[in-house]
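Spelled out from the first residue to the last, the chains are:
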Amino acid sequence: MSLIKITDATLNANEIIAQVLRDDLGGIDIFIGTVRNQTKGKKVVRLEYEAYRPMALSEMNKIANQVREKWPQSSIAIHHRIGILNTGEAVVVIAVATPHRQQAFEACKYAIDTLKETVPIWKKEVFDDGEVWVAAHP
Amino acid sequence: MKLEILLFGIAREIVGSSKLQLEQEEPVDVKSFKQVLQRRYPKMNHLSYYKVAINQEFAEDDQLIKEGDEIALIPPVSGGAF
């Protein structure tokens, strides 16, 4: 399985953790982003994700390379799901393993913060009475 | 030259299609390409912002677009959850 992946299938955090395990690394930090059941008090029925897949993979690979550069010896996997998701389901899983815990926290935060800025993936929130592309309008 | 533009998210909904073909005089940079697009699709002006990608890389305003380039409109991204 690839370390960097965009998929329509359910994300399995244990499989993604297994990808970054290494005997010389003492800490793994996992970030799992899940679908919230409400936005500003409105009930979310489902989310629809779409990606500009080749560019999104390329930007996710850039993030992984930056993490490996900034935190030498680190091991990272980033999986993002697209398609239709229901509340409670995992959208993104990032696992970072480093020699010590502090670097794992920092590197994982860097990866998710950067992903939200640079990776061309879009999310539409669907409510009972309408839908909205998140962040599209000021 | 003939440009083929890939559209995603809200940009796809504004244009009403996931691909757009546009006849464009050369040379054109990203900034003037966006102006042409916004004249044709005024709703693009209402977005928080949008970027242009050329061959799967974010492009600067002064970058030139060439025939055969893979052009994509990148409205505000919103990957992840939370």
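What comes next is a walk through the structure. Counting restarts for each chain: residues are numbered from 1 in the order of the written sequence. Here the convention is simple: chains get letters from A, ligands get numbers from 1, in the order in which they are written. The predicted origin of the model limits local features to residues at a pLDDT of at least 70 and limits the giving and counting of side-chain atom pairs to 80 or more, whereas totals for whole chains, interfaces and linings rest on all residues. Side-chain metrics rest on all non-hydrogen atoms present in the structure, leaving aside hydrogens and water.

**Considerations on the overall build of chain B**
By the criteria applied, helices consist of DSSP H or I runs no shorter than four residues and strands consist of E runs no shorter than two, each listed in order from the N terminus. Scanning chain B from terminus to terminus reveals two helices and seven strands. In this description the radius of gyration comes from C-alpha coordinates, and the expected globular size is given by 2.2 Å times residues to the power 0.38. Relative to the 2.2 N^0.38 estimate, which gives 12 Å for 82 residues, the radius of gyration of chain B is 12 Å and therefore close to what a compact globule would have. In terms of overall dimensions, chain B has a C-alpha envelope of 40 × 25 × 20 Å along the principal axes. Remark: exposure states derive from per-residue accessible area (1.4 Å probe, protein chains only) relative to the maximum for the residue type, with buried under 20%, exposed over 50%, and partly exposed in between. For chain B, buried positions account for 49% of its 82 residues. Contacts spanning at least 24 positions in sequence make up 46% of the contacts within chain B whose residues lie at least 6 apart. For chain B, the accessible area works out to roughly 4,300 Å², and carbon and sulfur atoms hold 44% of it. When charges are counted, neither His nor the chain ends are considered; positive counts come from Lys and Arg and negative counts from Asp and Glu. The atom standing in for a charge is NZ when the residue is Lys, CZ when it is Arg, CG when it is Asp and CD when it is Glu. Side chains of chain B carry 10 positive and 13 negative charges; the gap between the two charge centres is 8 Å. Only heavy atoms enter the contact rule, under which two residues are in contact if any of them lie within 4.5 Å. To be clear on the numbers: accessible area is Shrake-Rupley with a 1.4 Å probe, and residue cover counts the displayed protein chains and nothing else.

**Topic: the side chain of Asp-29 of chain A**
All names here are of chain A. Residue placement: Asp-29 occurs in strand β2 (residues 27-34). When a carboxyl oxygen of Asp or Glu lies within 4 Å of a side-chain nitrogen of Lys or Arg, that pair is called a salt bridge. Summary of buried charges: Asp-29 has no salt-bridge partner, and the nearest side chain of opposite charge, Arg-101, is 10.0 Å away. Ignoring anything within four residues of it in the chain, the contact list for Asp-29 reads Ile-94, Ala-95, Val-96, Ala-104, Phe-105 and Cys-108.

**Observations concerning the interface of chain B and chain A**
Taken residue by residue, the interface counts 24 residues in chain B and 35 residues in chain A. The term buried area refers to how much accessible surface (probe radius 1.4 Å) is lost by two components on association, counted for both of them together. Across the chain B to chain A interface the summed buried area is about 2,500 Å²; carbon plus sulfur atoms make up 57%. Here chain B is connected to chain A by three salt bridges. Of the charged contacts in the structure, one is a salt bridge between Glu-13 of chain B and Lys-124 of chain A, with a shortest N-O distance of 3.1 Å. Polar contact is the term for a pair of N or O atoms within 3.5 Å; when the atoms are in protein, one must be able to donate a hydrogen and the other to accept it, and sequence-neighboring residues count only if both atoms are side-chain atoms. There are 17 residue pairs in polar contact (both at pLDDT 80 or more) connecting chain B and chain A. Among the elements that make up the side of chain B that touches chain A, the one with the highest residue count is helix α1 (residues 9-15) of chain B (four residues). Here the term charged refers only to Asp, Glu, Lys and Arg, the term nonpolar to Ala, Val, Leu, Ile, Met, Phe, Trp, Tyr, Cys and Pro, and the term polar to all other amino acids, Gly among them. Taken together, the residues that form the side of chain B that touches chain A break down as 13 nonpolar, seven polar and four charged.

**A few points about the environment of Gly-83 of chain A**
Residue and element names in this part refer to chain A. The residue Gly-83 is located in strand β6 (residues 83-85) in this model. Accessibility expressed as a relative area gives 22% for Gly-83, which makes it partly exposed. Through-space distance from the C-alpha of Gly-83 to that of Ser-2 is 19 Å; in sequence the pair is 81 residues apart. Residue contacts for Gly-83: discarding those within four places in its chain leaves Leu-47, Glu-48 and Tyr-49.

**Here we look at the sheet that holds strand β1 (residues 2-6) of chain B**
As a general point, the strands of a sheet are linked pairwise by backbone hydrogen bonds and lie either parallel or antiparallel. Residues and elements named next belong to chain B. For two strands to be treated as a pair, DSSP must find at least two bridges joining them. Strand order in the open sheet made by the five strands is β2-β1-β7-β4-β5, with mixed pairing throughout. Of all strands in the sheet, those with a lone pairing partner are β2 (19-23) and β5 (57-58), marking the two edges. Strand direction decides the pairing type here: β1 and β2, joined by five bridges, are antiparallel. Each bridged residue has a counterpart across the sheet, and for Ile-5 the counterpart in β2 is Leu-20.

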